[in-house]
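One letter stands for each residue in the lines below.
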Amino acid sequence: MRNFDPLTALQALLERCRVRVDGRTDGSGFFVAPGFVLSCAHVAGGTAGAPARVGYEGGVYAATVLAAAPDAASAAGQPLYPFPDLALLELDAPPPGHPCVWLDPEAPPSGTRVTATGFTRDLGPRTAVLEAGGRTGPPGRAMLELVVGEVNPGLSGGPVLSHRSGGVAAVVKATRQEDSAMGGYGVPVSALRLLDPAAYRRVLAAHDRFHAADERWRTLADALPSADAPWAEQRPAAAGERLAARVAERVADRAFLALLAELPPDSAADLRAAFLRAAPPGTFEPDLPLLDRRDVYLELAARITLAGDHLTPELAYCADLVRTLPAHGPLTRALRDRVLIRAGETGRGEAARRRIDSTPTTTTTTAPPRPSVIGRVRHSLRDRTRYHVMVWQFRSPDEIVPAGAESAELTLPQALCLLGELLPPQIETVEALEALDGAPGRTALVELILPHEALDEDYADWRLWPELEWWTLGRKHRLVVRPLERHQEPRLHHPWLKRWAQLADRPLDRALVCVCGRGRQQRPQALDAAFNTAPELAALALAGAPRGGTLAQAFRVAVASGIPVMLWERGTDPRPLAPDACATGCTAPGRGDCPDGRFLRAARKALTGTHRDAVPDRICDLRNEAELYEDSPDTPTGTPADAPDATPGTPTDTPNATPGTPDAPLGSRVVLLWDDPARQLPRTRLAPAAPAPTPAPVPTAAPAPHPIPAPASATEGLPR
């Protein structure tokens, strides 16, 4: 037809997809997959399993609410049903052959023309053309403003078609003012990811399969003219090329989504890891949860593409998937072919082939830095009794990805409680990334950068996985602490680098020396002189926890002098020396062993032959060995062979030992300070010094700070 208009035809097809919904109230809805309708929760009802009725082309069909956003408006006193206000309905016996809309999770930019349709209460069926305005709400939970038109009561639950993409980008939620041209609000269809994940995956997989087989919608959407009409009129040839490229993108997207819909579901951690691995460096995680591979693909497709022959992020993701699937399966072959075809169309065929055919290497001449989760607690700029928390994924020195913004000001117990909440999902992501890179089963390294007053908490005993109450952070993962003060003072970095290098070729047991802060040669000035004249000193076994007094002063001197590795027993003080043990006090570090240095000897024995980079792994093993020791019914008794100076009735360095029994294995309460200078965080400014909102209540079992310099007893960790 000479006067054929694809937009008019697409609007007519949109009207064929709309339905009436009679649930909690009367409103509208539309088919998104065969037998599945999307509407508003305030229309259909906010309870899964609730009955509803759907009217379509003269027939009435029984339906059930499959998933919906619950109604909390009455309890909160809100004028509108709370976000996302969406509901999915499943028809018991749907009408055969009905069409379905194509869902577009990318919200249209301001000024984009849109079409909304549904069933008004007074006028019956209505289709209105409006414009996309601004956004109302925080990222990931913002409503789309619909302006320059009237949104009538009854249109709630109806589809909002973007003239730019040719897909349904939102669901009509509310009018801004009845009988006026002030428009209304729409909920982006991306907010479906806030509903029940199982229902979401089921419906979206059916949606993608439908459009892979049914060409009605895609034929019209692909024929829409370019959104840049004035530019297109000036350069019609370039406009034709732009339209062809856009159509090719849509065709590729539909083909990939149809293939991804056939794959088995993936875990949240694996989805997050796959997204981060394929995303350009520095990409933040999405505002909405990733529920299936479709979400990963579309989120990546909306990201910027690196220049040169780099694959687009979504193609990089699909190439990575090919490597993880069974080598000769039909889906693997189909996905591989599709990646190579699409990459070849964009001039990146060789890059795609390299990514698909590459295999993760487990041995290299220079081992890459180990990925980890780094959590930092630091003082507020305006009040040192308040703290900010931030967490990163460290993938390499050039790729350090923040897991979110820095927190507002918190007390130390609140900061540590928040840190415990943030760690588990990031740990799962880092471990999933390690598996993708050829190290499956390797548990994550967890690094906590902490101020002095928070170093001696029981982080190793934190139980952060309620469903696995026997898991502790220190026995399941490679846990180390690091001193905040050194990271905030660039003047201290040069000696830090030099001493770290001193440990490169020496087993740690041969490098360990004792520091207790007692005696003339261990006062701060003498310790500083000892460290200045002995650059080979790089690993210390502290005689107790550096919580206060002379040992805390000695610890600060060691940090400022660049000592990168220290060990101590949490919650302990240096043992009092016998009157005849040492007439002049302890010697300078490295010039003699402590006459009562049981912890030093135990540490040297436990770390025999352990390389610097393997110390976190060894300490994790020692913590598990200590747990087995505590549970052993036949713990040996008698004076330990390596402690000839022990006398009956003298308390030992370990909390579980009793007079006349050997020391418990090192690891029960050991703290490892392990500070690799190659693993530094980018410089970030403090959070604004404006008054912080009142934080959520802190569990009663959260850690409490240790005041400095007065010593304090160890506190309990996060809830156990």
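The model shown is predicted, which means the values in this text are computed figures rather than measured ones. (Residues numbered from 1 in each chain as written. Predicted model: local features only at pLDDT ≥ 70, side-chain atom pairs only at ≥ 80, totals over all residues. Heavy atoms only, no water.)

Colleague: Would you mind showing me how to read the overall build of the chain here?
Modeller: The helix and strand inventory of the chain stands at 21 helices and 21 strands. Within the chain, buried positions represent 52% of all 720 residues. In the chain, once contacts between residues fewer than 6 apart in sequence are set aside, the share between residues at least 24 apart is 69%. Of the roughly 31,700 Å² of accessible surface on the chain, a fraction of 55% belongs to carbon and sulfur atoms. (Helix = DSSP H or I, 4+ residues; strand = E, 2+ residues; numbered from the N terminus. Buried < 20%, exposed > 50% of the residue type's maximum accessible area, 1.4 Å probe, protein only. Contact = heavy atoms within 4.5 Å. Areas by Shrake-Rupley, 256 points an atom, 1.4 Å probe, with all protein chains shown as cover.)

Colleague: Please clarify how the sheet that holds strand 10 (residues 159-162) should be interpreted in this entry.
Modeller: Within a beta sheet, neighbouring strands are joined by backbone hydrogen bonds and run either parallel or antiparallel to one another. Ordered by their spatial adjacency, six strands build a closed barrel running 7-8-9-12-11-10, and the pairing between neighbours is antiparallel. Recorded for the sheet is a direction-independent mean angle of 40° between the axes of neighbouring strands. (Pairing = 2+ DSSP bridges. Axes fitted to C-alpha atoms, helices over the stretch in contact; angles between N-to-C directions.)

Colleague: Would you explain the pattern of salt bridges in this entry?
Modeller: When charged atoms on two side chains of opposite charge get close, those side chains can pair. One pass over the structure, following the stated rule, counts 36 salt bridges. Between Arg277 and Asp320 there is a salt bridge, with its nearest N and O atoms 3.2 Å apart. One end of the pair, Arg277, is in helix 8 (residues 268-278); the other, Asp320, is in helix 10 (residues 313-324), and 43 residues separate them in sequence. Residue classification places Asp320 among the buried residues on the basis of a relative accessible area of 7%. Where Asp357 meets Arg336, a salt bridge forms, and the shortest distance between an N and an O atom there is 3.3 Å. Here Arg336 lies in helix 11 (residues 330-345) and Asp357 lies in helix 12 (residues 349-357), a separation of 21 residues in the sequence. Each of the salt bridges in this network shares a partner with another, and the network as a whole consists of Glu447, Arg482, Arg486, Asp675 and Arg679. (Salt bridge = Lys/Arg side-chain N within 4 Å of Asp/Glu carboxyl O.)

Colleague: Would you mind showing me how to read the packing of helix 11 against helix 12 here?
Modeller: Helix-helix packing is characterised by the crossing angle of the two axes and by the distance between the axes. Here helix 11 crosses helix 12 at 150°, and the two axes come no closer than 7 Å. Considering their axes alone, helix 11 and helix 12 lie roughly antiparallel with respect to each other. Mapping the contact onto sequence places Arg336, Val339, Leu340, Ala343 and Gly344 in helix 11 and Gly349, Ala352, Arg353, Ile356 and Asp357 in helix 12. In the contact of helix 11 with helix 12, the residues fall into five nonpolar, two polar and three charged. (Parallel < 35°, antiparallel > 145°, perpendicular 65-115°, else oblique. Nonpolar A, V, L, I, M, F, W, Y, C, P; charged D, E, K, R; others polar.)

Colleague: Help me understand helix 11 in this model?
Modeller: Because an α-helix completes one turn every 3.6 residues, residues spaced three or four positions apart along the sequence face the same direction. Relative to the 22 Å expected for 16 residues at 1.5 Å per residue, helix 11 spans 23 Å between its end C-alpha atoms, a close match to the ideal helical length. Among the residues of helix 11, Thr332, Leu335, Val339, Leu340, Arg342 and Ala343 are the ones counted as buried. Of the residues trailing helix 11, Gly347 is marked for its positive phi of about 75°. (Expected span 1.5 Å × (residues − 1).)

Colleague: Could you clarify how one ought to interpret the environment of Val203 in this entry?
Modeller: Position of Val203 among the secondary structure elements: in helix 4 (residues 197-213). Between the C-alpha atom of Val203 and that of Ala33, which follows or precedes it by 170 residues, the distance is 6.6 Å. Residues contacting Val203, with those up to four places away along its chain left out, are Val32, Ala33, Phe36, Leu66 and Leu88.

Colleague: Explanation requested: the sheet that holds strand 4 (residues 51-56) in the structure shown.
Modeller: Strand order in this closed barrel of six strands is 1-2-3-6-5-4, and the pairing throughout is antiparallel. Neighbour-to-neighbour, the strand axes of this sheet turn through a mean angle of 40°, independent of strand direction. One ladder, built from three bridges, connects strand 1 (residues 18-22) with strand 4; its direction is antiparallel. Looking at strand 4, one finds that Val21 is bridged to Val54. In this fold helix 1 (residues 6-17) packs onto strand 1, strand 2 (26-33) and strand 4, with an angle of close to 30° to the strand it touches most, strand 1. Against the sheet, helix 4 contacts strand 2, strand 3 (36-39), strand 5 (59-68) and strand 6 (87-91), and its axis sits at roughly 65° relative to strand 2.

Colleague: Before we go on, may I ask you to explain unusual backbone geometry in this structure?
Modeller: Cis geometry marks the peptide bond from Phe83 to Pro84, where omega comes out at 10°. With respect to the helices, strands and loops of the structure, Pro84 is situated in the loop between helix 3 (73-76) and strand 6. Residues other than glycine seldom take positive phi values, yet Asp85 does so here, at roughly 55°. For Asp85, the location among the structural elements is in the loop between helix 3 and strand 6. You can call Asp85 buried: its relative accessible area is 0%. Here Val148, not a glycine, exhibits a phi torsion of approximately 60°, which is positive. Position of Val148 among the secondary structure elements: in the loop between strand 9 (143-147) and strand 10. Judged by relative accessible area, Val148 falls into the exposed class, the value being 53%.

Colleague: Is there a simple way to think about the side chain of Arg342 in this case?
Modeller: Structurally, Arg342 is set in helix 11. Reaching out from Arg342, the side chain makes a polar contact with the side chain of Glu345 at a distance of 3.0 Å. Discounting chain neighbours no more than four positions away, the residues touching Arg342 are Ala248, Glu249, Ala252, Phe256 and Leu315. (Polar contact = N/O pair within 3.5 Å; in protein donor to acceptor, adjacent residues only side chain to side chain.)

Colleague: Explain the nonpolar core to me, please; I cannot follow it from the model alone.
Modeller: Across soluble globular proteins, nonpolar side chains have a tendency to be buried as a group. Formed by 87 residues in total, the largest nonpolar core has its most connected members in Val32, Leu38, Val101, Leu103, Leu192, Trp217 and Tyr317. Ranked by residues supplied to this core, first place goes to helix 10 with seven residues. Look past the residues within four positions of Leu192 in its chain and what remains in contact with it is Leu38, Leu86, Leu88, Leu103, Tyr200 and Leu204. In this structure, Leu410, Leu448, Leu479 and Ala545 belong to the second largest nonpolar core, which totals 46 residues. (Core = buried A, V, L, I, M, F, W, Y, C linked by side-chain atoms within 4.5 Å.)

Colleague: What exactly am I supposed to notice about the confidence of the model for the chain here?
Modeller: Do not read the fine detail of predicted coordinates wherever pLDDT is low. On average, the chain scores 81 in pLDDT, and the residues at 70 or more come to 81%. Predicted confidence is poor over residues 360-366, with pLDDT under 50, and the contacts of this stretch with residues over four places away or in other chains come to six contacts. Throughout residues 685-720 the model reports pLDDT below 50, and contacts reaching past four residues in sequence, or to other chains, amount to 84 contacts. (pLDDT = per-residue confidence, 0-100.)

Colleague: How should I be thinking about the packing of aromatic side chains in this particular structure?
Modeller: Given two aromatic rings, one states the distance between the centres and the angle between the planes to describe the pair. For the coordinates displayed, the defined rule picks out six aromatic pairs. Ring geometry for Phe256 versus Tyr297: centroids 5.6 Å apart, planes at 35°, classification tilted. In this pair, Phe256 is assigned in helix 7 (residues 236-260) and Tyr297 in helix 9 (residues 293-301), connecting sequence segments 41 residues apart. You can call Phe256 buried: its relative accessible area is 0%. A relative accessible area of 1% means that Tyr297 is categorised as buried. For the pair Phe555 and Trp568, a centre-to-centre distance of 5.9 Å together with 85° between the ring planes defines the contact as edge-to-face. One end of the pair, Phe555, is in helix 19 (residues 549-560); the other, Trp568, is in strand 20 (residues 565-569), and 13 residues separate them in sequence. Note on Trp568: relative accessible area 0%, which makes it buried. (Phe/Tyr/Trp six-rings, centres within 6.5 Å; stacked < 30°, edge-to-face > 60°.)

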